[in-house]
Amino acid sequence: MAPVAPRSGDAIFASVERVNAELFTLTYGAIVRQLLTDLEEVEEVNKQLDQMGYNIGIRLIDEFLAKSNVARCVDFKETAEVIAKVGFKMFLGVTASVSNWDADGTCCSIVLEDNPLVDFVELPDTCQGLYYCNVLSGVIRGALEMVSMKTEVTWVRDMLRGDDAFELQVKLLKQVPEEYPYKDDE
Amino acid sequence: MQFFGGSEISPSPPAPTASGNNAHMMYVFNRNGVCLLYREWNRPLHTLNAQQDHKLMFGLLFSLKSLTAKMDPTNAERGNLGVPQLPGQGCSFHSFRTNTYKLSFMESPSGIKIILVTHPRTGDLRESLKYIYNLYVDYVAKNPLYTPGTPIRCELFNTNLDQYVRSIA
Amino acid sequence: MGREVSESCVDSLLTEMVSSYCDRFYANKPDLAARRIEAIGFQVGLQLSERYTMERPRFSDHLEAIKFICKDFWSELFKKQIDNLKTNHRGTFVLQDNRFRWLARMSVDPSPENGDLSQDNPPAENKAAQATSMHLYFPCGIIRGALSNLGIPCAVTADISNLPACSFVVRIKA
């Protein structure tokens, strides 16, 4: 049996159940709004959005792997490409690109020019400091952690802050191998 | 009927051995070695309590993976025996057969391990294991009431799994 | 057809929103968590209904508005209509979706925990029922928000006594 090639993001997006993006966008917006009311501090909202994203990433990784036929995520460079090309496409219907690799291949940027999370969004002045799309950085961090990659994900550019694109910097901190979880004398 | 570790009697009676009932039992482990699911359809003999049984199965996989990678003649870069690996790293085995049973194994890059023990004459089950992984995605990972990393108690998953497993030849 | 995203985006966002409110922000205050989740739904319903009725004449009565929710509004959200609408003609409407998508994958094991065969386990069952009900405040909020945008103040509850069907009971405030 020859190894199955990963499926393209377009092919998967065409085959999965899809919903009206307005529902998604407005739901996310309503959540951010409610968090701002309940948590008061913008910093705390950023933190909670990231945490929510992390938890989502932990759940979504298996759907991503099962539907994309990706058999291994050992190489960080390959993995970053697959997330950008296949992951963003199959869930959000948009393609991201990878750039700005550092010399040792452990840090890169994922750039998103079209982002359904921010359709109809304008941030009021009271939201200074808010990383509105912070859920995305959390999703990437959570999903990568499930494939053994501890990463740090930070925003470099944000269209809601006047930049020309969304850019996330993904830095690989370490790869965590699988340890035998039991003690011998147990 | 009296089994060892009698507290683990599965609520449904063992399936009769007939054609279409080739599966004995199945395990799902996560990357931390937690047994998320143990399901049995036809297992007349229990010799260990459930925890020991799960631990032994996980240990078997762990050691076998380590050994198969160590013996890989095609790969120059391999660690010493017992050196931890990343899921998907190096080579891995997908089944072994004894005179009394066949064990089929798949591991996702996220470390989800699915082990299906069947009649020794069952064919290649790699596609079946993938299908079961998809059931796991649909009815466990996407079940809003399921907390990742905890034992699976999802009726819909069990129903769909039982139905599918009955079709395995 | 407008822009689309994978259904999993919405599903996983809702799962996480509910668990954040129930298990983290208001872990020991289910009533508060429920109110916040309903409020998020209300906001979404309000905005969606606003968008979907922009080019539409005002509804002549409550029944017309409810029918709009059952047909057009539900179709936008779930690609299907409400399956059954009942009313007592005194301001109460029951909207039944025979296979409500957001509940389709929800399941727990009804059998007692490991070998605990000697006695029933009502606390676990109640916990599961409560967890399930937490996921219904959002759609209830959506319906209330949508109707509120149409000038109809109401209260909305959900009944899931025969899953995966779900009935939303709308009581219009006089």
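Residues numbered from 1 in each chain as written. Chains lettered and ligands numbered in written order. Predicted model: local features only at pLDDT ≥ 70, side-chain atom pairs only at ≥ 80, totals over all residues.

A. A look at unusual backbone geometry. Residue Glu40(A) is not a glycine yet carries a positive backbone phi of 65°. Phi at Asn100(A) is positive, roughly 55°, even though this residue is not glycine.

B. Structural context of the sheet that holds strand S2 (residues 35–40) of chain B. Residue and element names in this part refer to chain B. With antiparallel pairing, five strands are arranged side by side in an open sheet as S2-S1-S5-S4-S3. The outermost strands of the open sheet, each flanked by one partner alone, are S2 and strand S3 (95–97). For this sheet the average axis-to-axis angle between neighbouring strands, irrespective of direction, equals 10°. Here strand S1 (residues 23–29) pairs with strand S5 (residues 113–118) via six bridges, running antiparallel. When the sheet's bridge partners are listed, Met 25 is paired in S5 with Val 117. Each of S1, strand S4 (102–107) and S5 is contacted by helix H2 (residues 126–141), which is oriented at about 50° to S4, the strand it contacts most. (Pairing = 2+ DSSP bridges. Helix = DSSP H or I, 4+ residues; strand = E, 2+ residues; numbered from the N terminus. Axes fitted to C-alpha atoms, helices over the stretch in contact; angles between N-to-C directions. Contact = placed C-beta atoms within 7 Å.)

C. Representation of the pairing of S4(B) in the model. All names here are of chain B. The buried fraction of S4 amounts to five of the six residues, a majority that puts the element mostly inside the structure. When S3 meets S4, the two strands line up antiparallel, connected through three bridges. Note on S4: the bridge partner recorded for Ser 95 is Ser 104. Counting the residues between successive antiparallel strands, the hairpin from S3 to S4 contains four residues. As judged from the six bridges shared by S4 and S5, these two strands associate in the antiparallel manner. Bridging from a neighbouring strand, Leu 103 pairs with Val 117 of S5. Here S4 folds back onto S5, and the loop between the two strands holds five residues, one of which, Gly 111, carries a positive phi near 85°. (Buried ≥ 20, exposed ≤ 12 C-beta atoms within 10 Å, placed from the backbone.)

D. Up close: the confidence of the model for chain C. Residue and element names in this part refer to chain C. Across chain C, the average pLDDT comes to 89, with 90% of residues at 70 or higher. When the criterion is pLDDT under 50, residues 112–121 qualifies, and its contacts beyond four places in sequence or with other chains add up to 11 contacts. Both scores are available for the predicted complex, with the pTM at 0.89 and the ipTM at 0.92. (pLDDT = per-residue confidence, 0-100.)

E. Representation of the sheet that holds strand S5 (residues 166–172) of chain C. Residues and elements named next belong to chain C. Here we have four strands laid out as an open sheet, ordered S2-S3-S5-S4, and antiparallel in their pairing. At either end of the open sheet lies a strand with only one pairing partner, and these are strand S2 (84–87) and strand S4 (154–159). Here the strands of the sheet are splayed against their neighbours by 20° on average, with no regard to which way each runs. Bridging between S4 and S5 involves six bridges; their strand directions are antiparallel. From the neighbouring strand, Asp 159 faces S5, where its bridge partner is Ser 167.

F. Examining the interface of chain A and chain C more closely. On the side of chain C, 25 residues touch chain A, which itself brings 30 residues to the contact. Going through the elements one at a time, strand S1 (18–20), helix H2 (21–39), helix H3 (42–68) and helix H4 (76–92) of chain A are the ones with two or more residues in the side of chain A that touches chain C. The element best represented in the side of chain A that touches chain C is H2(A), accounting for 12 residues. Here the side of chain A that touches chain C is built from residues that sort into 17 nonpolar, six polar and seven charged. In this sheet, strand S1 (residues 4–6) of chain C lies alongside S1(A) in antiparallel orientation, the contact comprising three bridges. When the sheet's bridge partners are listed, Arg18(A) is paired in S1(C) with Ser6(C). (Nonpolar A, V, L, I, M, F, W, Y, C, P; charged D, E, K, R; others polar.)

G. Molecular detail of the packing of H2(B) against helix H3 (residues 155–166) of chain B. Residue and element names in this part refer to chain B. H3 packs onto H2 with a crossing angle of 160° between their chain directions and a minimal axis gap of 9 Å. Compared by their axis directions, H2 and H3 come out roughly antiparallel. The chirality of how H2 crosses H3 is right-handed. Here Tyr 131, Ile 132, Leu 135, Tyr 139 and Val 140 of H2 come into contact with H3, specifically with Leu 156, Phe 157, Asn 160, Leu 161 and Tyr 164. Counted by class, the contact of H2 with H3 contains nine nonpolar, one polar and no charged residues. (Parallel < 35°, antiparallel > 145°, perpendicular 65-115°, else oblique. Left-handed = near helix turned anticlockwise from the far one by under 90°.)

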